[in-house]
Amino acid sequence: MRTLRTQVVVIGAGPAGLYLSHELRAHGVDSVIVESCSREHLERRVRAGLLEEGTVQLLRGSGLADRLDRQGLVHDGFQLRFEDTVQRISTESLIGEPTYIYGQQEVVKDLLAARPSDDGSLYFDALDVQIAGITGDKPSVAFTVGGEQVVVEADFIAGCDGYHGVSRASIPAASLAFHTRRYPFDWIGLLVNAAPFASELVYSVHPRGFALASMRTPEVSRLYLQADARDEQSNWPHERIWDELGQRLYVDEGRMRARGAILEQVRVPLRATVAEPMQFGRLFLVGDAAHIFPPTAAKGLNVALEDSSVLAHALIGWFRRGEAGPLEGYSSARLPAVWRAQDFSAWLTWLFHPAADATAFDHRRRTASLTRLAEGGSSAAAFADEYVGRSRRRLSSPSYIHELDGMEA
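Residues numbered from 1 in each chain as written. Predicted model: local features only at pLDDT ≥ 70, side-chain atom pairs only at ≥ 80, totals over all residues. Heavy atoms only, no water.

A. Spatial organisation of the sheet that holds strand β19 (residues 279-280). Across the sheet, which stays open at both edges, the six strands sit in the order β9-β3-β2-β13-β20-β19 with mixed pairing between neighbours. Edge positions in the sheet fall to β9 (122-123) and β19, since each of these pairs with one other strand and no more. Inspection of the sheet shows strand β13 (residues 156-159) paired to strand β20 (residues 283-285) by three bridges, in the parallel sense. Of the residues in β20, the one forming a bridge with A158 is F284. Of the strands in this sheet, β2 (8-11), β3 (31-34), β9 and β13 touch helix α1 (residues 15-26), which is tilted by about 165° from β3. (Pairing = 2+ DSSP bridges. Helix = DSSP H or I, 4+ residues; strand = E, 2+ residues; numbered from the N terminus. Contact = heavy atoms within 4.5 Å. Axes fitted to C-alpha atoms, helices over the stretch in contact; angles between N-to-C directions.)

See below:
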């Protein structure tokens, strides 16, 4: 058995864990990352793709956005389709902020490329990860890698290992309130080797269900389709998926113009979770370990990086200046923003997804809401404020970013 010592153990090498470790290292705080997956899996795993302005500013401020600025797609708005009409919502015109299309796996690649390649602080393919001692002052993480058992002792542990990770499960059930909601529908997602359906995102509400036409690059499309959660995947052959997409996107003759080769097909369950508090003893929950959002509003990655930035600030304050307040207040600082994102995600999920038992009353009310949004004005501006995350950022002031920039490494 090998025993190591560091200041912070980060469990999980997704965007949240990698960004947290990057910020700590930039300001003189040591960390070790423990990840159960392989590097190849993380760099290929297609997940979120919409970045808010605040997220891009975090990455730029950390020197991580060079490739994003070269290759990311800047969108100053999106299309909204309903009742056989096409409306355009411009977030840039409404509140002066765009969004960016840049895949999560690309963020991971950039974060990994920014790390020293041989400093021995990142362990992939870690098996049997276990957390101990979080109520004392010497927490530790044990795991097996390459047949060798390793124990990493630290001052704090950051659980960035997602919904199914060991971090949240290590908190006693009596000390954790876990709020959850499972929506009665899923998304069927396609990654397609074809030019995007439109030059920007298309959100389409149809009596048959919701459809989203997105993209990852100018050559690769990402398409989503609402399906009943109880419906077997075998009931959704490719031909049916394409035909449904055509109808729901209001394409002439109910067919997509270009189909392309399907590179990936996934089933995405729509659920929402929040763990309260987001900390227990010397363990802090970050990103999906603390909260899951339905993908409708694309909040998961953006809120996760906010978590990481706030926790990095608190940890740096502790190690550099002996400040306990920000660390003790991490959960209370983050939860208002988390619930703000949950509220908007839940509302947008209702707005875009007709329920199987929807009545004529439900349909007319939804149409009225969509029409009010398409008309612009204060309703559209308030929507844009939530969509780009600006309202949420006001709950978590970004002033700490400038404080970090002003610290000596």
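And the narrative resumes.
B. Region of interest: the sheet that holds strand β5 (residues 73-75). The sheet built from three strands is open, its strands ordered β4-β8-β5 with antiparallel pairing. Whereas interior strands pair on both sides, the edge strands pair on one side only; in this sheet they are β4 (50-51) and β5. In terms of strand pairing, β5 meets strand β8 (residues 99-101) through three bridges, oriented antiparallel. Its bridge partner lying in β8, V74 is registered against Y100.

C. Structural detail: the packing of α1 against helix α6 (residues 104-113). In contact at an axis separation of 10 Å, α1 and α6 are set at 30° when each is read in the N-to-C sense. When the axis of α1 is compared with that of α6, the two are roughly parallel. Remark: the crossing between α1 and α6 carries left-handed chirality. Across the interface between the two elements, P15, L18, Y19 and H22 from α1 touch Q104, V107, V108, L111 and L112 from α6. Partitioned by chemical class, the residues of the contact of α1 with α6 number seven nonpolar, two polar and no charged. (Parallel < 35°, antiparallel > 145°, perpendicular 65-115°, else oblique. Left-handed = near helix turned anticlockwise from the far one by under 90°. Nonpolar A, V, L, I, M, F, W, Y, C, P; charged D, E, K, R; others polar.)

D. Up close: the packing of helix α9 (residues 300-321) against helix α11 (residues 330-352). As a packed pair, α9 and α11 sit with axes 11 Å apart at the nearest point and diverge in direction by 165°. Between α9 and α11, the angle is such that the two are roughly antiparallel. The two elements α9 and α11 cross, and the hand of that crossing is right-handed. Across the interface between the two elements, V303, E306, D307, V310 and L311 from α9 touch Y330, R334, V338 and A341 from α11. Of the residues belonging to the contact of α9 with α11, the class tally is six nonpolar, no polar and three charged.

E. View of the side chain of Q104. Looking at the element boundaries, Q104 is found in helix α6. A relative accessible area of 11% means that Q104 is categorised as buried. Setting aside chain neighbours within four positions, we find Q104 in contact with P15, R45, R47, A48 and L301. (Buried < 20%, exposed > 50% of the residue type's maximum accessible area, 1.4 Å probe, protein only.)

F. Molecular detail of the pairing of β2. A two-sided burial pattern is seen for β2, the buried positions comprising V8 and V10 on one face and V9 and I11 on the other. Of the strand pairs in this sheet, β2 and β3 are connected by four bridges, and their pairing is parallel. Bridging from a neighbouring strand, V10 pairs with I33 of β3. On the question of chirality, the crossover connecting β2 to the parallel β3 by way of α1 is right-handed. The pairing of β2 with β13 spans four bridges and is classified as parallel. (Right-handed = clockwise from strand over helix to strand, strands pointing away.)

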